[in-house]
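Next come the chains, spelled out residue by residue.
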Amino acid sequence: MADNREFDIALFGATGFVGKLTAEYLLDAAPSGARIALAGRSLDKLTKVRADLGPKAASWDLVVADSTDQAALDALAARTKVVVTTVGPYLRYGLPLVAACAKAGTHYADLTGEPLFIREAIDTYHEEAGRTGAKIVNSCGFDSVPSDLSVYQLYRASVSDNAGELTDTTLIASLKGGVSGGTIDSGRAMMEAIAADSSKASVLSHPYSLSPDKSMEPDVGRQSDQALQRASSIDPSLDGWVSTFVMAAHNTKIVRRSNGLLGWVYGKNFRYREVMSAGKSAAAPLVAAGMAGGIVATMATGALLSRVSAGRKLLDRVLPKPGTGPSEEARRSGWFSMKTYAHTTSGAKYVATFQAKGDPGYQATAVMLGESGLCLAFDTDKQPELAGILTPAAAMGDALTDRLRAAGMTIEVRRA
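Rules of the game
- Residues numbered from 1 in each chain as written.
- Predicted model: local features only at pLDDT ≥ 70, side-chain atom pairs only at ≥ 80, totals over all residues.
- Heavy atoms only, no water.
- Disulfide = S-S within 2.5 Å.
- Pairing = 2+ DSSP bridges.
- Helix = DSSP H or I, 4+ residues; strand = E, 2+ residues; numbered from the N terminus.
- Axes fitted to C-alpha atoms, helices over the stretch in contact; angles between N-to-C directions.
- Contact = heavy atoms within 4.5 Å.
- Buried < 20%, exposed > 50% of the residue type's maximum accessible area, 1.4 Å probe, protein only.
- Polar contact = N/O pair within 3.5 Å; in protein donor to acceptor, adjacent residues only side chain to side chain.
- Parallel < 35°, antiparallel > 145°, perpendicular 65-115°, else oblique.
- Left-handed = near helix turned anticlockwise from the far one by under 90°.
- Nonpolar A, V, L, I, M, F, W, Y, C, P; charged D, E, K, R; others polar.
- Core = buried A, V, L, I, M, F, W, Y, C linked by side-chain atoms within 4.5 Å.

The name given to the protein chain in an unreviewed UniProt entry is Saccharopine dehydrogenase family protein, with the source organism recorded as Nocardia xishanensis.

The tally for this structure, following the rule as stated, stands at zero disulfides. No disulfide involves C140; its sulfur sits 9.4 Å from that of C375, the nearest cysteine.

Glancing now at the sheet that holds strand 2 (residues 36-40). Sheet strands pair by backbone hydrogen bonding; their relative direction is either parallel or antiparallel. Pairing within the open sheet is parallel, and its seven strands lie in the order 3-2-1-4-5-6-13. In the strand order of this sheet, the two ends are held by strand 3 (61-64) and strand 13 (388-390), each with one partner. Between one strand and the next, the sheet's axes are offset by a mean angle of 20 degrees, whatever the strand orientation. Taken together, the five bridges between strand 1 (residues 7-12) and strand 4 (residues 80-85) define a ladder with parallel strand orientation. Across the sheet, residue A10 finds its bridge partner in strand 4, namely V83. Sheet strands touched by helix 1 (residues 17-29): strand 1 and strand 2. Its angle to strand 1, the strand with the most contacts, is close to 155 degrees.

Time to look at the environment of Q363. Here Q363 shows up in helix 14 (residues 363-378). For Q363 and G334, which are 29 residues apart along the polypeptide, the C-alpha to C-alpha distance reads 8.4 Å. Apart from residues no more than four positions distant in its own chain, Q363 is found in contact with R331, R332 and G358.

On to the environment of R119. Tracing the backbone through its elements, the reader meets R119 in helix 6 (residues 115-132). A relative accessible area of 18% means that R119 is categorised as buried. Separated by 90 residues in sequence, R119 and S209 have C-alpha atoms that sit 7.6 Å apart. In contact with R119, other than residues within four places in its own chain, are V203, S209, L210 and S211. Separated by 2.7 Å, the side chains of R119 and D123 make a polar contact.

It is worth spelling out the packing of helix 1 against helix 14 at this point. Closest axis-to-axis distance for the helix 1/helix 14 pair is 9 Å, and the angle between their directions is 60 degrees. Relative to helix 14, the element helix 1 lies oblique. The crossing of helix 1 and helix 14 is right-handed. Facing V18, L21, T22, Y25, L26 and A29 of helix 1, the residues of helix 14 in contact are T365, A366, V367, L369, G370, E371 and L374. A breakdown of the residues in the contact of helix 1 with helix 14 according to their chemical character gives nine nonpolar, three polar and one charged.

Attention now goes to the packing of helix 5 (residues 95-104) against helix 6. Two numbers describe how helix 5 lies on helix 6: the axes approach to 8 Å, and their chain directions differ by 15 degrees. In terms of orientation, helix 5 lies roughly parallel with respect to helix 6. In this structure, helix 5 crosses over helix 6, and the sense of that crossing is right-handed. Contacts from L95, V98, A99, A102 and K103 of helix 5 reach helix 6 at F117, E120, A121, Y125, E128, A129 and T132. Here the residues of the contact of helix 5 with helix 6 are counted per class, giving eight nonpolar, one polar and three charged.

Ranked by internal contacts, the top residues of the largest apolar core, which has 112 residues, are F12, L38, Y266, F354 and L404. Here this core takes nine residues from helix 14, the largest share from any one element. Beyond its immediate chain neighbours, meaning those up to four positions away, F354 contacts V145, P146, L149, S150, F336, S337, M338, L404, M409, T410 and I411. Counting nine residues, the second largest nonpolar core, distinct from the first, contains I172, A227, V275 and Y341.

Below is the structure:
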């Protein structure tokens, strides 16, 4: 991309809850002289956000654009090197911006945890983005950076040690944090889409639904996102129980897409899944069973209610509203720790650790998204030469890993 754009980064959705957190992060993390713009629907709200950020943001431009105004989105994409967007649910509002960035050759980073949106973006815009050189990078927050970069770094370590290809690989998630109204609204958008077209359900259920070429994927049998088992079945050194991880259904698809985009380098027998730690107490088996059953029940109930207008109205009343989130104290007290256990064809074992302080869906996500935007804007010489609809690992790999380490996150791999 020629460096003749007006902005380095345009933050679209800057007046939303996560958008404001990302703007606050960029204020301190962006290099001196970075050209940043805040974009959204309301000039008054954008002006207030900029004012609240203080004098360091006084030079940031404000751009009015609505997710339904294709001309405005086209103009925004043409003015900037990178668009960072928090405007979701992406299935409802995201594709016009993807279209604008693919057309203009503009790099893009979002927070989506919506496989239906990504599948549609791939089918519609992957080829055009590849031609124009646009890196359209999905899932640049807690969905799915820790998962994606952990497996990527496990692969890098196995190659460095000449230890063979990755085989059985399992991530165990431990965290303290809340669920945002935006995340819940994204889930509702997918349920409503499936209620309107049942054929889309396979995108959620098939492990390789985001693959660049399903025919090239390894035939390793069933890979379920449901779990209820002893942790020692994953690694003998572990105690306690694990259960279903609510984000596994999305994260696993991103990791498998990364493998495909990189030429299936993880291995022809690469199996990947994610689970949630239920602890080591005497009650851990009951906790694990409750977590697994609760996720299934919640998904089934949500899908049923999404089919009728009365059900949708009920969900509107009882669920957190988009744009809402926890207090600053709650965000600071959150944390996450992801441990990924991998085996290789040579018999070697590795453990990757990805952890950080801060609520994973808010404070930590703002760091991941902000650094993804900075990486796309300023680290182009350190990234793989890929373009199209991409994943964090395939688009930014070591460059994003280095940035997140410098931002205080722990990302390490050790041979067990």
